[in-house]
Amino acid sequence: MIAKVAIENLTYPADALFDYEVPAELEGALRPGCRVVVPFGGGNRRRQGMVMALAEHSELASLKRVQRLVDETPVLSEELLGLVGFCKRRWFCTYFDAIKAILPTGSRVRLREYAVPTGEPYSGDDTLARELIALAQSSGRLDLEKLRKERSEPIDSALAELLQAGALRRVSDVRRNASDMTRLAARLAVSHEEADAYVRDCRANAAKHEKVLDILKGCESVPVTELCYLSGVSKSVVDTLARRQIIELHTLELLRRPYREKTRGGDREPIRLSAGQHSVLEGLWALCAGGRPEAALLHGVTGSGKTEVYISLIDRVIAAGRNVIVLVPEIALTPQLTDRFYSRYGERVAVLHSALSVGERYDEWKRLKNGEASIAVGTRSAIFAPLDNVGLIVVDEEQEGSYKSENSPRYHARDVAKYRAVKNGALLLLASATPSVESYMSAKLGRYHLFTLSERYGGSTLPEVLIADMREDLAKGETSAIGETLAAELRFCLKRGEQAVLFLNRRGYNTFVGCRACGEVRTCPNCSIAMTYHSRNGLLMCHYCGHSEELSDVCPVCGSRGMRHLGTGTQRVEEQLAELFPTARVCRMDLDTTSYKSSHEKLLGAFRDGEYDILLGTQMVTKGLDMPNVTLVGVLSADAMLFVEDYRAAERTFMQLTQVVGRAGRAGKRGYAVIQTYCPDNRVIELARRQDYEGFFEEEILFRKNMIYPPYCDICHIMFTGADEGGVREAAKRFHTALADEFRRTQAANIILFAPAPPPIAKISQKYRQRILLKCRDDKKLRQTLDKMLCNFYNNRENRGVSIYVDINPNL
Ligand SMILES: Nc1ncnc2c1ncn2[C@@H]1O[C@H](COP(=O)(O)OP(=O)(O)OP(=O)(O)O)[C@@H](O)[C@H]1O
Ligand SMILES: [Zn+2]
């Protein structure tokens, strides 16, 4: 039997499947999806591997053997193994990059290699070898990884000599990132009658023993700590009972449950859908029940009740015995949604996201894998949930940028979802009030089934939106962040006893600090971007690398005392609010106030309970909020997002405005919104005012077509980074020339290749960056070309010190 094994820590061009012989004693136990330890390379260093497949024969004459099996049962199913290969082909990563993305951190293992003395003497004359054997004999073993790091000279040939001579022997040790959590528990080892008899004959401490046994008579098994607590005895009593074989001790596997207190699961209320919701549900169920792969887009205006529709659909899928994956853009931002899931499905829900501890996440993963939970709810990586027989995959707010991974594998969760829907015969359901232009186009072309909810649930209407022309305020000498129109609406809203949400697309006290005299803007010394001032700690900080420095009013370039704040941040708005409405209770929510795990949830809860009148925040207030008493939304500046260099600027602006406006008036009360802008005539702002998605799409798709942007092409970034600016530039140039030649040679059509240039942020954490942009079709032929070029790049010694990666349809 031959195992085809993917090996960890290989470079991209070296990454392949390697054949290993399966020793007879592992046959049967060793299956695809199990991790193994194998000898690898010239020095036969031990490496971790993943068995991707088994085969009868190998084309190679002599094979190394699998040294050790790490997993008793496969950690990856056949479907997920297939996904590993899919990720590699689609996103130019190694097998192990993909495996690391798919497995939770807690389930990963680390390999440590040791060499131990065998007792056999070493009689050779290699001085390093002599030194090593002496060290091994005195300390019992050599930690090879540590040695390689510590010693300046290479140790491998000396090591090989000692192994050869039989003086040293290799051992490897596999360690898990998160251990399974176990507790010692006790149970009766005898019948109740025998236990009673034991107590009667007991000479010392009979009462104590009796208490312990009484508790155990009523339970299957009780953790020892609890047993001691309940009976008031010390552990030694329990030990005595165990020693006398009246009770037995065993280990109990415990699962860490992140939201244990919430999982009530009692909500069996039937959902009463509106006629519109009901017909969408029936349409979706018809697709789902067929068991064939399907894709649908649910486009419903804000507050139309998309969530209720897909929850009703989940009910049916679960009742049919199939499993469900629900993706949300950002768990911390959607506490209401997770609460909804817990109260409806209780223990059958497992939540996967990055704010959980490694152990918690690992245990949620295990509950999915062992079938205890059948609904995975989570952020991007939850798309890798270890579920079989998936019947439905929901991607909520499918346009969100957080579904795209910025690290290898640079996947989009929607693409992985498509793969899994096909393999499982599942329905992929994309839901949004503002679908991405790409998805809506696919729906229009009939590639996705399109479902629409054009009205709000329960007869609420969409908010009435006012555009506040900030130029008028400016002409009057008003520079406050809250203009006259918004101030007036806020006053009305507070008077009505209702709540308002104010949205500011920034963070920090002021956006940046610049010099009035020479125009110098304080930028981060490591990254080429402006730093922001945080009044909380009085420091200028860089959002990319975390660098911070003291603020000074002296310009470091021209020496004048002209440095001052430019722009406005949430903290300053908060101060202005306090001036305008001294009695209003303002809740500020941004990354500064909400970096702790659940403080965001707490703030939202308090706002919902009416403890605040105004919620002021950054992006996090735009999504998913469903608060009945919110009737006013204010957008402090719509312009911030409008002029970034990105073909998606209009799309982002439109979506963000429509989403945030949609938070108002969701429960029957009339809703209002004020959008402040210096360009009131801008088309996107006007379309957002009307919340006219259809109109926006028609305009945007024309722009995309004329300028050749997605969905009329795919955008491919090839990034080069390194510490040496010139080296990075040269490497990018060489790659560009080679790529152009290759396209010419293979007569690749419809490709627009741009010359290398520094990206908008040309330096991050002391690494210089160059970028080649490609407008192309992300098809098999292109991927083959890029794969080949990447391998050539790595194999060219001129490119040392420069890293490269390919990013398909990046967020920018
Ligand atoms: N069938 C229903 N029965 C009772 N309440 C409903 C029903 N449908 C929707 N609602 C209520 O209407 C409100 C809006 O619904 P929901 O949050 O699902 O909308 P949405 O389409 O997801 O909105 P958005 O895209 O703005 O987040 C919620 O408070 C929800 O509980
Ligand atoms: Zn920085």
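Residues numbered from 1 in each chain as written. Chains lettered and ligands numbered in written order. Predicted model: local features only at pLDDT ≥ 70, side-chain atom pairs only at ≥ 80, totals over all residues. Heavy atoms only, no water.

**A closer look at the site of ligand 1**
Right, on to step 1. Ligand 1 sits among 16 residues. The nearest are R272, K306, T307, D626 and R666.
Right, on to step 2. The contact in question runs from an oxygen atom of ligand 1 to an N or O atom on the backbone of G303, over 2.9 Å.
Right, on to step 3. Side-chain polar atom of T307 to an oxygen atom of ligand 1: 2.8 Å apart, as the coordinates give it.
Right, on to step 4. Expressed as a share of its isolated accessible area of 630 Å², the protein-covered part of ligand 1 is 80%.
Right, on to step 5. Looking at the shell around ligand 1 element by element, the count peaks at three residues for helix α11 (residues 306–319).
Right, on to step 6. Across the shell around ligand 1, the residue classes tally to four nonpolar, six polar and six charged.
Right, on to step 7. Taken domain by domain, the shell around ligand 1 gets at least three of its residues from each of domain 3 (268–458) and domain 4 (464–511 + 567–705). (Near = heavy atom within 4 Å. Polar contact = N/O pair within 3.5 Å; in protein donor to acceptor, adjacent residues only side chain to side chain. Areas by Shrake-Rupley, 256 points an atom, 1.4 Å probe, with all protein chains shown as cover. Helix = DSSP H or I, 4+ residues; strand = E, 2+ residues; numbered from the N terminus. Nonpolar A, V, L, I, M, F, W, Y, C, P; charged D, E, K, R; others polar. Domains from an automatic or database assignment.)

**Quick word on the layout of surface pockets**
Right, on to step 1. Roughly 860 Å³ of volume is contained in the second largest pocket.
Right, on to step 2. In terms of lining, the second largest pocket is formed by 38 residues, of which the most central are G305, T307, E308, D626 and R666.
Right, on to step 3. Those elements giving two or more residues to the lining of the second largest pocket turn out to be α11, α12 (335–345) and α19 (599–608).
Right, on to step 4. Counting residues per element, the lining of the second largest pocket draws most heavily on α12, at four residues.
Right, on to step 5. Across the lining of the second largest pocket, the residue classes tally to 14 nonpolar, twelve polar and twelve charged.
Right, on to step 6. No fewer than three residues from each of domain 3 (268–458) and domain 4 (464–511 + 567–705) sit in the lining of the second largest pocket. (1 Å grid on protein atoms, 1.4 Å probe; cavity = no way out; pocket = protein on both sides within 12 Å on 5 of 7 lines; lining within 4 Å. Points joined across faces, edges and corners; volume = space filled by probe spheres on them.)

**Considerations on the packing of helix α3 (residues 127–139) against helix α5 (residues 156–165)**
Right, on to step 1. Two elements in contact, α3 and α5, have axes whose closest approach is 9 Å; the angle formed by their N-to-C orientations is 65°. Here α3 lies roughly perpendicular to α5, going by the angle between them. By crossing handedness, the relation of α3 to α5 is classed as right-handed. For the pair α3 and α5, the contacting residues are L128, A129, L132 and I133 in the first and A158, L159 and L162 in the second.
Right, on to step 2. For the contact of α3 with α5, a count of residues per class yields seven nonpolar, no polar and no charged. (Axes fitted to C-alpha atoms, helices over the stretch in contact; angles between N-to-C directions. Parallel < 35°, antiparallel > 145°, perpendicular 65-115°, else oblique. Left-handed = near helix turned anticlockwise from the far one by under 90°. Contact = heavy atoms within 4.5 Å.)

**A few points about the packing of aromatic side chains**
Aromatic ring pairs are described here by two measures, namely the spacing of the ring centres and the angle between the planes.
Right, on to step 1. Applying the stated criterion across every chain yields a total of 20 aromatic pairs.
Right, on to step 2. Look at F720 and F735: their rings are 5.5 Å apart centre to centre, the planes differ by 65°, and that puts the pair in the edge-to-face class. Of the two residues, F720 is situated in strand β30 (residues 714–722) and F735 in helix α23 (residues 725–745); the sequence distance between them amounts to 15 residues. Taken as a pair, F720 and F735 share a single burial class, namely buried.
Right, on to step 3. By way of ring pairs, the aromatic residues Y12, F720, F735, F793 and Y794 are connected into one cluster. (Phe/Tyr/Trp six-rings, centres within 6.5 Å; stacked < 30°, edge-to-face > 60°. Buried < 20%, exposed > 50% of the residue type's maximum accessible area, 1.4 Å probe, protein only.)

**With respect to the nonpolar core**
Right, on to step 1. Counting 89 residues, the largest nonpolar core has M50, L76, L83, I383 and L615 as the members making the most contacts within it.
Right, on to step 2. The greatest single-element share of this core, amounting to seven residues, is contributed by helix α1 (residues 78–91). (Core = buried A, V, L, I, M, F, W, Y, C linked by side-chain atoms within 4.5 Å.)

**A short note on the sheet that holds strand β19 (residues 464–469)**
Right, on to step 1. Taken in spatial order, the six strands line up as β19-β29-β28-β20-β27-β26 in an open sheet, and their pairing is parallel. Two strands lie at the open edges of the sheet, namely β19 and β26 (586–589), each paired on one side alone. Averaged over all pairs of adjacent strands, the angle between their axes in this sheet comes to 15°, without regard to strand direction.
Right, on to step 2. Looking at chain direction, β19 and strand β29 (residues 672–677) are connected through six bridges and run parallel. (Pairing = 2+ DSSP bridges.)

**A closer look at α23**
Right, on to step 1. Taking 1.5 Å as the rise per residue, α23 with 21 residues should run 30 Å; its terminal C-alpha atoms sit 31 Å apart, in good agreement.
Right, on to step 2. For α23, the set of buried residues is V728, A731, A732, F735, H736, L739, A740, E742 and F743. Axial view of α23: buried residues confined to an arc of 165°, hence all on one face. Within α23, the exposed residues directed more than 90 degrees away from the buried face are R744 and R745.
Right, on to step 3. A positive backbone phi angle near 50° is found at Q747, which sits one or two residues after α23. (Expected span 1.5 Å × (residues − 1). Arc of directions from axis to C-beta.)

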